[in-house]
Amino acid sequence: MLLSDVGELGLLAELERRGLARAIEHDAAQVDGLVVTQDALVEGVHFRLDWISWRDLGWRAAAVNLSDLAASGAEPIGLIVTFGAPANTRLEDVLELYEGLAETGVPVVGGDTTFAPQLLLSVTALGRADRVPGRAGAEPGDLLVVTGPLGGAGAAFRHGSFVRPPLRLVEGRELAAHAHAMLDISDGLAVDAGHLARRAGCRVVVELERVPLADGAELADLGFGEDYELLAAVADPGRFRVIGRCDEGEGVELLLNGEPYELAGWEHFT
C-alpha cells in the first residue's frame, strides 16, 4: 500500500485507528489553553520562485497558518518558523522572506534553520480562543456561509501568478462566538465541505450560483483551493454570504441552478 493509494485522508484515518494520533480532525489542536496549528511549504510542491516573490512567500507561509487560527476563532500570539534552503541562497532573499512573515503583524518567536536541497518552510502558529467551533458540530438546518470571494488563487494559477491569501482573523472570532462548525477553504470548496460533512455526520448542500467569485475567477477555480476564506455552519448568517445548507444525510451535493455539478479538489500524495 502506497501513500498515493490512500491519500491524506486515508493516512490520517489509519493514524487515528492505530492510536498514533488523536484529536486531529479540526483545523488546529488545543493544548493547555493554546490553539496550535502547523503547515509546511515545499518548493516545487506548494510554490515556484518564478511565480512568487520571497516577500509574498513569507506572507503566504504565515497566512496559511493564521487561517487555521481564524477558523478556530483564535487571536494569534506568535509564529515558530523552520527554514531550510540550499547554502547558495542569497541572504537578502531570506531577509525579504522574513519581512513578508512580519507583514502579518504576528511576531516570529522561535524556530530553526537548516540546510536543505530545496527551499522549505514549516510554520507553527500559536493563539488563544474563547471558543473553538471545530468541524464536527454542524446540524441539519444550519446555513453555510463564507467570509469572502473564492476562486482567486485558482484564477491566478491559470495565469502563472500568485495572489496573497487574506487574513480573516476578525471574521473568525466573530463567527466562532456562535458557529456550530467552521474551517478554512484550503483544499477546494468541495473537498473542504466534505471535511465538514464527514465530521459532523450531515449532508452539505452547496448552491454554486450563490458562491461569490473573485475577480477573474471561474467556477472550475473553486476546486483549486488556497482561497483561505472561512466556511461556517451557522443558525444565523448575520453579515456573511449564504452559499448552502446542512441537511440530514451524508456527503456533499454541489448544485448549479438546481442541477448536479462536479468540482475537483486538492489531494495530497496523488
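Figured I'd write up the structure that's included with this text.

Cut-offs applied
Residues numbered from 1 in each chain as written. Predicted model: local features only at pLDDT ≥ 70, side-chain atom pairs only at ≥ 80, totals over all residues. Heavy atoms only, no water. Helix = DSSP H or I, 4+ residues; strand = E, 2+ residues; numbered from the N terminus. Buried < 20%, exposed > 50% of the residue type's maximum accessible area, 1.4 Å probe, protein only. Pairing = 2+ DSSP bridges. Core = buried A, V, L, I, M, F, W, Y, C linked by side-chain atoms within 4.5 Å. Contact = heavy atoms within 4.5 Å. Phe/Tyr/Trp six-rings, centres within 6.5 Å; stacked < 30°, edge-to-face > 60°. Axes fitted to C-alpha atoms, helices over the stretch in contact; angles between N-to-C directions.

## Describing unusual backbone geometry
In terms of backbone geometry, most residues other than glycine have negative phi values and most peptide bonds are trans. Non-glycine residue Glu226 carries a positive phi angle of around 60°. Looking at the element boundaries, Glu226 is found in the loop between strand E8 (203-207) and strand E9 (230-234).

## Observations regarding the pairing of strand E5 (residues 120-128)
Regular strands place their side chains on alternate faces of the sheet. Extensive coverage of E5 is indicated by the burial of 7 of its 9 residues. Here 8 bridges tie strand E2 (residues 34-42) to E5, and the two strands are oriented antiparallel to one another. Directly across from Val36, in E5, lies its bridge partner Leu126. Summarising the sheet, strand E3 (residues 75-85) and E5 pair through 9 bridges and their orientation is antiparallel. What sits directly across from Thr82, in E5, is Ser122.

## Topic: the nonpolar core
Of all hydrophobic cores here, the largest spans 37 residues; its most connected members are Leu57, Leu79 and Leu121. Here this core takes 8 residues from helix H2 (residues 54-71), the largest share from any one element. Residues within four places of Leu121 in sequence aside, it is in contact with Asp39, Ala40, Leu41, Leu57, Ala61, Val81, Thr82, Phe83 and Leu97. Residues Ala138, Leu150, Ala193 and Leu196 belong to the second largest nonpolar core, which totals 26 residues.

## Concerning the packing of aromatic side chains
Two aromatic rings are characterised by how far apart their centres lie and by the angle between their planes. Under the counting rule described, the total for this entry stands at 3 aromatic pairs. Each ring, one from Trp51 and one from Phe157, has its centre 5.2 Å from the other, and the planes form 65°; the classification is edge-to-face. Here Trp51 is found in the loop between E2 and H2, whereas its partner Phe157 is found in helix H4 (residues 152-158), with 106 residues between them in sequence. By relative accessible area, Trp51 is classed as partly exposed at 27%. The partly exposed category is assigned to Phe157, whose relative accessible area is 43%. Taken together, the ring pairs connect Trp51, Phe157 and Phe224 into an aromatic cluster.

## Side note on the sheet that holds E3
Pairing in this open sheet of 5 strands is mixed, and the strands run E1-E2-E5-E3-E4 from one edge to the other. Lying at the two open borders of the sheet, with one neighbouring strand each, are strand E1 (29-31) and strand E4 (108-115). The sheet shows a mean angle of 20° between the axes of neighbouring strands, direction not considered. Those strands touched by helix H3 (residues 91-102) are E3, E4 and E5, and its axis lies near 160° from that of E3.

## Digging into the sheet that holds strand E7 (residues 181-184)
If you trace the 7 strands from one edge of the open sheet to the other, you get E7-E9-E6-E10-E8-E11-E12, paired in mixed fashion. Bordering the open sheet on either side are E7 and strand E12 (259-260), each of which pairs with just one other strand. In the sheet, E8 pairs with strand E10 (residues 241-247) via 4 bridges, with the strands oriented antiparallel. What sits directly across from Val204, in E10, is Cys246. Packed onto the sheet, helix H5 (residues 169-176) meets strand E6 (143-146), E7 and E9 and runs at close to 15° relative to E9.

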